[in-house]
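A look at the structure
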Amino acid sequence: GEALAVSARVAPLGSRLVLLLVEDLTEARRIEAVRRDFVANVSHELKTPVGALSLLSEAVMDAADDPEAVARFAGRMQIEATRLTSLVQEIIDLSRVQNDDPLEDAEPVAVDELVAEAVDRCRHPANAKQITMATVDAPDLYVWGHRGQLAAALGNLVENAVNYSPAHTRVGIAGRKVNAPGGNMVEISVTDQGMGISPADRERIFERFYRVDPARSRATGGTGLGLSIVKHVAASHGGEVTVWSAEGQGSTFTLRLPEAAGAGQNQDAGHDQD
Ligand code: ADP
């Protein structure tokens, strides 16, 4: 499966048909396995924050005349609620990725719209940590693909950048066009000033359910599925996702996708199909 996915990724866009047909099957099977694993895990994953919220709300009632304890419990309730929100978002992402054939529903998608949606999705946690989101306008940049899936992919990268960065740092998101032999590509990069990722972990973070630090990841609502979804979306669009990182300094994730040729000249193409 992996070899096919790789060969489909590097094949020039023009001769991808046969490979895609084969890849569709293996990828469909892979994503079905992700879904099965996820359903098996999700009941447990959902029970944890729901159970904690229930206990914590009882604790709040018992501690009504101890304001300090109430504040402490409320803080923990907020963490559990964040975790629930994040789990629900991942269920939505996974169903978007699983149910639709990306190339059947492909259209020119404005990079600026994807970036705006991803920033919006992370507004809450970013504000809470006073993380600055720095974006660069790229008005004529369009990628070719499935709008919902691309939004899920970029949303996950930006969410991770915010989750794995300390307060008062900066997350930068930028898109640019790159010339490639098989056709122009677009690179959307997400750069953070966070904890970084060790070389050994860099090899594994795109595997499903892999988390560098499960305890920390749990506190931020992580399930270890996000990057496997990003990788799947990139590959099924004929692109790829790569990571650069320096431990203690930060990381850059780059999503490389086929450009929607000519969409820049014909702006309507990007907007009519909303
Ligand atoms: P999770 O739901 O745990 O965030 P992901 O698949 O999105 O799962 O990421 C896998 C692991 O990769 C995370 O648990 C985290 O340890 C690491 N990781 C992902 N993005 C970053 C980042 N921007 N900086 C540091 N570590 C990261």
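Structure first, text after, so check above.
These notes cover the structure that comes with them. (Residues numbered from 1 in each chain as written. Predicted model: local features only at pLDDT ≥ 70, side-chain atom pairs only at ≥ 80, totals over all residues. Heavy atoms only, no water.)

Some remarks on the packing of helix H4 (residues 111–121) against helix H6 (residues 147–163)
The geometry of H4 relative to H6 is characterised by a closest axis approach of 8 Å and an angle of 50° between their N-to-C directions. Relative to H6, the element H4 is oriented oblique. Viewed along their axes, H4 and H6 form a crossing whose handedness is right-handed. On the side of H4, the interface is formed by Glu-113, Leu-114, Val-115, Glu-117, Ala-118 and Arg-121, while H6 contributes Arg-147, Leu-150, Ala-151, Ala-152, Leu-154, Gly-155, Asn-156, Val-158 and Glu-159. (Axes fitted to C-alpha atoms, helices over the stretch in contact; angles between N-to-C directions. Helix = DSSP H or I, 4+ residues; strand = E, 2+ residues; numbered from the N terminus. Parallel < 35°, antiparallel > 145°, perpendicular 65-115°, else oblique. Left-handed = near helix turned anticlockwise from the far one by under 90°. Contact = heavy atoms within 4.5 Å.)

Here we look at the sheet that holds strand S7 (residues 250–258)
Overall, mixed pairing links the five strands, which are arranged S2-S4-S5-S7-S6 in an open sheet. At either margin of the open sheet sits one strand with a lone partner, and together these are strand S2 (132–135) and strand S6 (240–246). Across this sheet, the average inter-strand angle for adjacent strands is 15°, counted without regard to direction. The sheet contact formed by S6 and S7 spans seven bridges and is antiparallel. In the strand pairing of S7, Ala-246 is matched with Gly-250. (Pairing = 2+ DSSP bridges.)

Quick notes on the pattern of salt bridges
Taken as a whole and assessed by the stated rule, the structure comprises nine salt bridges. A salt bridge links Arg-147 to Glu-107, with the shortest nitrogen-to-oxygen separation between them at 3.4 Å. Of the two residues, Arg-147 sits in helix H6 while Glu-107 sits in strand S1 (residues 107–110), which places them 40 residues apart along the sequence. Between Lys-177 and Glu-259 there is a salt bridge; the shortest N-O distance is 3.1 Å. Placement of Lys-177 in strand S4 (residues 170–178) and of Glu-259 in the loop between S7 and helix H10 (268–271) is noted, with a sequence separation of 82 residues between them. The buried category is assigned to Glu-259, whose relative accessible area is 14%. Within the structure, one salt-bridge network assembled from shared partners comprises Arg-176, Glu-187, Glu-240 and Arg-256. (Salt bridge = Lys/Arg side-chain N within 4 Å of Asp/Glu carboxyl O. Buried < 20%, exposed > 50% of the residue type's maximum accessible area, 1.4 Å probe, protein only.)

Quick word on H4
Buried within H4 are the following residues: Val-111, Leu-114, Val-115, Ala-118 and Val-119. Taken end-on, H4 shows its buried residues confined to a sector of 130°, consistent with a single buried face. (Arc of directions from axis to C-beta.)

Some details on the nonpolar core
Membership of the largest hydrophobic core comes to 40 residues, with the highest contact counts inside it found for Val-143, Leu-154, Ile-173, Val-190 and Leu-255. Looking at this core, the elements with two or more residues in it are helix H3 (67–99), H4, H6, S4, strand S5 (185–192), helix H9 (226–236) and S7. Beyond its immediate sequence surroundings of up to four residues, Val-143 is in contact with Glu-107, Pro-108, Val-109, Val-111, Leu-114, Leu-150, Val-186, Leu-257, Pro-258, Glu-259 and Ala-260. In this structure, Leu-56, Ala-59, Ala-63 and Ala-69 belong to the second largest nonpolar core, which totals five residues. (Core = buried A, V, L, I, M, F, W, Y, C linked by side-chain atoms within 4.5 Å.)

Things to note about the packing of aromatic side chains
Enumeration over the complete set of coordinates arrives at one aromatic pair. Ring centres of Phe-206 and Phe-253 lie 6.2 Å apart, and the angle between their planes is 70°; on these two criteria the pair is classed as edge-to-face. Of this pair, Phe-206 sits in the loop between helix H7 (199–202) and helix H8 (214–219) while Phe-253 sits in strand S7; the two residues are 47 residues apart in sequence, bridging distant segments of the chain. Comparing Phe-206 with Phe-253 shows no difference in burial state: the two are buried. A cation over a ring is seen here: Arg-72 above Phe-73, with NZ or CZ 5.6 Å from the ring centre. (Phe/Tyr/Trp six-rings, centres within 6.5 Å; stacked < 30°, edge-to-face > 60°. Lys NZ or Arg CZ within 6 Å of the ring centre and 35° of its normal.)

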